[in-house]
Structure formats: structure tokens, C-alpha cells
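# Remarks on the overall topology
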Amino acid sequence: MPQAQIIDGKEIANSVRDDITHRAAQLLEATGKRPGLAVVLVGEDPASQVYVRNKDRAAEACGFHSVKHTLAADTSEADVLALVSQLNEDEEIHGILVQLPLPGHIDESKVLRLIRPEKDVDGFHPVNVGLLTAGERASALVPCTPAGSLVLLKRTLGDTLSGLNAVVVGRSNIVGKPMASLLLQESCTVTIAHSRTKDLPAIVKAADIVVAAVGRPEMVKGDWIKPGATVIDVGINRIPAPEKGEGKTRLVGDVAFDQAVDHVGAITPVPGGVGPMTIAMLMANTLTAARRLMNLPEDQALF
Ligand SMILES: Nc1nc(=O)c2c([nH]1)NC[C@@H]1CN(c3ccc(C(=O)N[C@@H](CCC(=O)O)C(=O)O)cc3)C=[N+]21
């Protein structure tokens, strides 16, 4: 059986980050200013803490100004809103990311709507959602995980995805829906599948491109996937790994990788696939936001 190409998300993310580091240095040279990223974390979820630390480190490695605000889990909604308002006004900050999920007593959509769309590097504000959906990607900020997934697809298949059948499994606002919008804009024929989809295996079988973003470990089975298809696995699920010792865990995606790898054309691993690209695209969005807020011409787009 031919082996699939394993799409090296880490390496592609590193090349994107090198490019951004270079562009940030040019910006500093030209204006004396650095792109500024503020990450807000409410609560002590250990996984979130790891991601926030990684974002902060990546921003510093790119030569950005980076600030991290860690608030106690019982911080009031009013205090979170006040911090966002302050960051909206802060001239040194061009990108604001409020780590999700927020604690239950805070209205997520209220917080996301308060972020200035120009600083919304997550692309979750309704203005950016609308621009992307309307096909005005060039003036929007696009959510990092779908943007990174599209970069991986283009590095694998080339710039033209036109006419390919794409199935997105999952309909979340942060991945599934924006991913479908991006693929539609690339002239793919897009199907959005989800937990209520009838005969999911048959739907997946028709796809040249499968994007799995359901958040269920290894739910997409290898024999559902058309031979030669390109698979982007967005899932990052921590599951028990007794074979590694008692209490140990390992990360798996939403695709049964070992079943799929023998006959698909290309597939992203977990870890080392979409995750590192998400962080690279956050850096790209922060640089884009900084240039727009400074009224400078756009850098060449990454995808
Ligand atoms: N407002 C908001 N924006 C986000 O973008 C956001 C968020 N909230 N909440 C949490 C999720 C999760 N997320 C990840 C980013 C990078 C990796 C990543 O780099 N993963 C590596 C390492 C995984 C590991 O070892 O734990 C990999 O897949 O290779 C994972 C997950 C961004 N998120």
C-alpha cells in the first residue's frame, strides 16, 4: 500500500513565522513600531495556560510587543469588558485575543462583540464573520485555525483548489463555518457535515478534501476516506494511554490516523499539524492588523 504524504505543520508554521519575523523587522525599521498582541486568559484551565504561553512565546520570537493578562476565574464580566475596552484604546496593541472558553458567568458573545474588529485577530467579531462570508476576505481578519488549514492545503495541493469536493466535518463558529466559507471562496464544492448528518461515511467518501473538526477522538474512520484524498485533522483530543503507563495520556485527532495513512494522499498529524499553524496565523493576523491600523499597504497575503 502506498504511504500518504504526512503534512509537516510544524515545518510550514516555522517557515511562516520566519517570514513574519522578517516582515516585523522591516516594519520596525520603517516606523519604529512593533506589532502588539494582547492575550487575555480568564481562569486557570491548564490546557489554556499552555496555549496562551505558546502564543506569548511565538509573539516574542517574531519580535512583537506581547502582553498577557491572566485574570482569576471569578473575575466579573464587567471587569473583563473593562479590560477589553482599555486594550481597544491602547495604541501599542494591534491584536486582542480573549482565550475561549470563558467561565460560564461571562457572556462570550458580549465580550467578542466589544473587541474592535480591526484588532480582532481571532476573526470572531460579527464584522469579520460577515466580511468573510460575503467573500471580502481581503479586508477581514480570518480565524486562525481555518486560515492555517487553508495554507496547509495550498502547500500540499498547489494554489488551485477550484472544483474539488470538500467536506468539513463540524459546524462550529471558530472552525467549521469559517473553513467552509474559505473553501467556497476557493471554488470548492463544499459540504458541511455534523452530528446529525445522515450516512456520514458516504458523504466523506465523496471528498477530495476532508477537514475534520468535530472534537471527537478518531471519529472519522480510515475506510470512510476516498483513496488519494487530502485530510486536514483539526482535532486535538487528549485520551488515556495506559500503554505508556498508568495515568498517562496522548493526543489524537478527529481522524483515525493509523487507518487512514495507508491510502489517503496526504494527511496532517496530531500533534504537529494544524496546531502549530494556528499559532503562526495568529502572528500573521497581528502583523496584518498592525499594518492596517498604521495605514500602511498590505503585505502579500499568505494564502
Ligand atoms: N480565542 C481563542 N483562540 C484560539 O485560537 C484558541 C482558543 N481561544 N482557545 C483554545 C484553542 C486551542 N488552540 C490551540 C492552538 C495551538 C495548538 C498547538 O500548537 N498544538 C500543538 C501542540 C499540542 C500539545 O502538545 O498540546 C500541536 O498540535 O502540535 C493547540 C491548540 C487555540 N485556541
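Residues numbered from 1 in each chain as written. Predicted model: local features only at pLDDT ≥ 70, side-chain atom pairs only at ≥ 80, totals over all residues.

Taking an unreviewed UniProt entry as the reference, the protein chain is identified by name as Bifunctional protein FolD belonging to Roseibium porphyridii. In its Function (unreviewed entry) section, the UniProt record describing the protein chain reads: "Catalyzes the oxidation of 5,10-methylenetetrahydrofolate to 5,10-methenyltetrahydrofolate and then the hydrolysis of 5,10-methenyltetrahydrofolate to 10-formyltetrahydrofolate." Listed in UniProt under the heading Pathway (unreviewed entry), the comment for the protein chain reads: "One-carbon metabolism; tetrahydrofolate interconversion." (UniProt positions renumbered as here; feature names shortened; annotations may be inferred.)

### A closer look at the overall build of the protein chain
Along the protein chain, the regular secondary structure elements total 10 helices and 11 strands. In terms of C-alpha radius of gyration, the protein chain reaches 19 Å, essentially the compact-globule figure of 19 Å for 303 residues. C-alpha atoms of the protein chain, sized along the principal axes, occupy 55 × 45 × 35 Å. Buried positions account for 44% of the 303 residues belonging to the protein chain. Taking the contacts inside the protein chain whose residues are at least 6 apart along the sequence as the reference set, 68% of them involve residues at least 24 apart. (Helix = DSSP H or I, 4+ residues; strand = E, 2+ residues; numbered from the N terminus. Rg over C-alpha atoms; globule rule 2.2 N^0.38 Å. Buried ≥ 20, exposed ≤ 12 C-beta atoms within 10 Å, placed from the backbone. Contact = placed C-beta atoms within 7 Å.)

### Re the site of the ligand
Contacts to the ligand come from 17 residues, most closely from Gln99, Leu100, Pro271, Gly275 and Thr278. Sorting the residues of the shell around the ligand by element identifies α2 (46-61), β4 (95-98) and α10 (274-293) as the ones contributing at least two each. It is α10 that provides the largest number of residues to the shell around the ligand, a total of four residues. Counting residues domain by domain, the shell around the ligand receives three or more from each of domain 1 (31-117) and domain 2 (144-276). (Near = placed C-beta within 6 Å. Domains from an automatic or database assignment.)

### Overview of the domain arrangement of the protein chain
Interfaces are frequently sized by the accessible area removed from exposure as the parts join. Domain boundaries in the protein chain define domain 1 (31-117) and domain 2 (144-276). The centre of domain 1, based on its C-alpha atoms, is set 28 Å off from the matching centre of domain 2.

### Digging into the sheet that holds strand β6 (residues 189-193)
Picture the strands of a sheet paired through backbone hydrogen bonds; they go either parallel or antiparallel. What the six strands build is an open sheet, ordered β1-β11-β8-β7-β5-β6; its pairing is parallel. Either end of the sheet is taken by a strand with one partner, and the two such strands are β1 (5-6) and β6. Where strand β8 (residues 230-233) lies against strand β11 (residues 266-267), two bridges are found, and the strand directions are parallel. Of the residues in β11, the one forming a bridge with Thr230 is Ala266. Docked against the sheet, helix α7 (residues 176-185) engages β5 (165-169), β6 and β7 (209-212), running at close to 170° with respect to β6. (Pairing = 2+ DSSP bridges. Axes fitted to C-alpha atoms, helices over the stretch in contact; angles between N-to-C directions.)

### Comments concerning the nonpolar core
The nonpolar side chains of soluble globular proteins are, as a tendency, buried together. The biggest cluster of nonpolar side chains holds 90 residues, and the ones touching the most others in it are Val210, Val211 and Met283. Two domains each put at least three residues into this core: domain 1 (31-117) and domain 2 (144-276). Every residue in contact with Val210, bar those within four places of it in the chain, is listed here: Val167, Val204, Val220, Ile225, Ala229 and Val231. (Core = buried A, V, L, I, M, F, W, Y, C linked by C-beta atoms within 7 Å.)

### Structural notes on the UniProt feature "domain: Tetrahydrofolate dehydrogenase/cyclohydrolase catalytic" (unreviewed entry) in the protein chain
As annotated by UniProt and renumbered to match this structure, "domain: Tetrahydrofolate dehydrogenase/cyclohydrolase catalytic" (unreviewed entry) occupies residues 7-122. Span residues 7-122 is 51% helix and 16% strand, its end C-alpha atoms 24 Å apart.

### Points about the environment of Asp254
Position of Asp254 relative to the elements: it lies in the loop between β10 (249-252) and α9 (257-260). Along the chain, Asp254 and Asp18 lie 236 residues apart, while their C-alpha atoms are 29 Å from each other. With residues up to four places along the chain from it excluded, the contact list for Asp254 reads Ala212, Ala213, Val214, Gly215, Arg216, Met219, Val220, Asp233, Val234 and Gly235.

### Notes on the sheet that holds β4
Read across the open sheet, the three strands follow the order β3-β2-β4; overall the sheet is parallel. The open sheet has two free edges, formed respectively by β3 (65-71) and β4, since each of these has just one partner strand. Going across the sheet, the axis of each strand differs from the next one's by a mean of 15°, ignoring polarity. The pairing of strand β2 (residues 36-42) with β4 spans four bridges and is classified as parallel. Residue Val40 lies in a different strand from β4, and its bridge partner there is Val98. Against the sheet, α2 engages β2 and β3, with an angle of about 170° to β2.

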